[in-house]
Amino acid sequence: GQQVMQIPQYQHVQEGEDFTTYCNSSTTLSNIQWYKQRPGGHPVFLIQLVKSGEVKKQKRLTFQFGEAKKNSSLHITATQTTDVGTYFCAGRNNDMRFGAGTRLTVKP
Amino acid sequence: GAVVSQHPSRVICKSGTSVKIECRSLDFQATTMFWYRQFPKQSLMLMATSNEGSKATYEQGVEKDKFLINHASLTLSTLTVTSAHPEDSSFYICSARTDRANWETQYFGPGTRLLVL
């Protein structure tokens, strides 16, 4: 069945460093979404990518959808302590599958 | 900002009983609501999507007779876990969307922790 793999599982960075999390699907996706969940909080929708090769930016966050629509990445430039949390991708083929998430911690 | 509430926040029940969880959009009308499940320190799993006034669409592997979803109004959706068993213990989260064409209008509730003894 469809699987969405997300790496790394954990990432610890110094404040100001960049951060990237990657998602890979075993099947071609119709779209991919990204969410953020702060520790103890509920998820927050970040973005949806639909088109092959699509790149979207939200301030310091850059989201990419691969040409084959099987992979995606979220890159944060110059991390801040407010970026702490777990970032999930969710890809849809016939159904929606979430990646396991990447837990980001930022050292001030 | 848009607020989504869930009730109860926690519930403990005996095996074999049914539990109803409510999801309400407090200050907006939600054309679509979603139900998720999250295990401790794990990822989310989308269970179903419900549009007001129509039957819910369940994701593969989710038993529709086990997890009954009703979206009777634009501000309320309910998830009923029928004949609950210990393996149904989990964190159930709902989200509500105001615009079917715009995912950026999706807002999550605080979640309901269910423990089945």
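Residues numbered from 1 in each chain as written. Chains lettered and ligands numbered in written order. Predicted model: local features only at pLDDT ≥ 70, side-chain atom pairs only at ≥ 80, totals over all residues. Heavy atoms only, no water.

Draft legend 1. Focus on the interface of chain B and chain A. Between chain B and chain A, the residue contacts involve 16 residues of the former and 16 residues of the latter. Here chain B packs against chain A, burying approximately 1400 Å² in sum over the two surfaces, 58% of which is carbon and sulfur. On the chain B side of the contact with chain A, Leu44, Trp103 and Phe108 of chain B bury the most area, a combined 36% of that side's loss. Summed over the shared surface of chain B and chain A, the number is one salt bridge. For glutamate 59 of chain B, the salt bridge goes to arginine 92 of chain A, with nearest N and O atoms at 3.1 Å. Connecting chain B to chain A are five residue pairs in polar contact (both at pLDDT 80 or more). Elements represented by at least two residues in the side of chain B that touches chain A include exactly strand S4 (32-38), strand S5 (44-51) and strand S10 (106-108) of chain B. Counting residues per element, the side of chain B that touches chain A draws most heavily on S5 of chain B, which supplies three residues. Residues that form the side of chain B that touches chain A fall into these classes: eight nonpolar, six polar and two charged. (Contact = heavy atoms within 4.5 Å. Buried area = accessible area lost by both parts, 1.4 Å probe. Salt bridge = Lys/Arg side-chain N within 4 Å of Asp/Glu carboxyl O. Polar contact = N/O pair within 3.5 Å; in protein donor to acceptor, adjacent residues only side chain to side chain. Helix = DSSP H or I, 4+ residues; strand = E, 2+ residues; numbered from the N terminus. Nonpolar A, V, L, I, M, F, W, Y, C, P; charged D, E, K, R; others polar.)

Draft legend 2. Quick peek at the sheet that holds strand S1 (residues 4-7) of chain B. Residues and elements named next belong to chain B. Spatially, S1-S3-S8-S7 is the arrangement adopted by the four strands of the open sheet, whose pairing is antiparallel. The open sheet has two edge strands, S1 and strand S7 (67-73), and neither has a second partner. Strand-to-strand twist of the sheet, defined as the mean angle between neighbouring strand axes without regard to direction, takes the value 15°. Bridging between S7 and strand S8 (residues 76-81) involves five bridges; their strand directions are antiparallel. From the neighbouring strand, phenylalanine 67 faces S8, where its bridge partner is valine 81. (Pairing = 2+ DSSP bridges. Axes fitted to C-alpha atoms, helices over the stretch in contact; angles between N-to-C directions.)

Draft legend 3. How the structure looks around the pairing of strand S5 (residues 43-49) of chain A. Residues and elements named next belong to chain A. Across the seven residues of S5, six count as buried, placing the element largely inside the fold. Across six bridges, the pairing between strand S4 (residues 31-37) and S5 is antiparallel. Looking at S5, one finds that tryptophan 34 is bridged to isoleucine 47. As consecutive antiparallel partners, S4 and S5 are separated by five residues, and within that stretch glycine 40 has a phi angle of approximately 75°, a positive value. (Buried < 20%, exposed > 50% of the residue type's maximum accessible area, 1.4 Å probe, protein only.)

Draft legend 4. Spotlight on the nonpolar core. Core analysis: the biggest nonpolar cluster contains 25 residues, and Trp35, Tyr58, Phe67, Ile69, Leu79, Tyr92 and Leu114 of chain B have the highest contact counts within it. Among the secondary structure elements, those contributing two or more residues to this core are strand S2 (10-13), strand S3 (19-25), S4, S5, S7, S8, strand S9 (90-97) and strand S11 (112-116) of chain B. Leaving out residues up to four positions away in the same chain, isoleucine 69 of chain B has contacts with Trp35, Ala48, Ser50, Ala56, Tyr58, Ser77, Thr78 and Leu79 of chain B. Of all hydrophobic cores here, the second largest spans 19 residues; its members include Leu29, Leu74, Leu104 and Val106 of chain A. (Core = buried A, V, L, I, M, F, W, Y, C linked by side-chain atoms within 4.5 Å.)

Draft legend 5. Fine view of the sheet that holds strand S7 (residues 61-65) of chain A. All names here are of chain A. As summarised here, the arrangement of the five strands in space is S1-S3-S8-S7-S6, forming an open sheet in which the pairing is antiparallel. For this open sheet the edge positions go to strand S1 (4-7) and strand S6 (55-58), each flanked by a neighbour on one side alone. Averaged over all pairs of adjacent strands, the angle between strand axes in this sheet comes to 15°, irrespective of strand direction. Pairing of S1 with strand S3 (residues 19-25) involves four bridges; the strand directions are antiparallel.

Draft legend 6. Fine view of unusual backbone geometry. The linkage connecting isoleucine 7 of chain A with the following residue, proline 8 of chain A, adopts the cis geometry, with an omega of -5°. With respect to the secondary-structure elements, proline 8 of chain A resides in the loop between S1 and strand S2 (10-14). A cis amide bond links histidine 7 of chain B to the next residue, proline 8 of chain B, at an omega of 0°. Within the secondary structure layout, proline 8 of chain B lies in the loop between S1 and S2. Positive phi outside glycine occurs at lysine 59 of chain A, with the angle close to 55°. Looking at the element boundaries, lysine 59 of chain A is found in the loop between S6 and S7.

Draft legend 7. The packing of aromatic side chains, seen in detail. Summed over all chains, the structure comprises nine aromatic pairs over all chains. Ring geometry for phenylalanine 98 of chain A and tyrosine 36 of chain B: centres 5.9 Å apart, planes at 80°, overall edge-to-face. Residue phenylalanine 98 of chain A is found in strand S10 (residues 96-98), and its partner tyrosine 36 of chain B is found in strand S4; the two belong to separate chains. Comparing phenylalanine 98 of chain A with tyrosine 36 of chain B, the two get one shared label, buried. Grouped by ring-pair contacts, the aromatic residues Tyr35, Phe45 and Phe98 of chain A together with Phe34, Tyr36 and Phe108 of chain B constitute a single cluster. (Phe/Tyr/Trp six-rings, centres within 6.5 Å; stacked < 30°, edge-to-face > 60°.)

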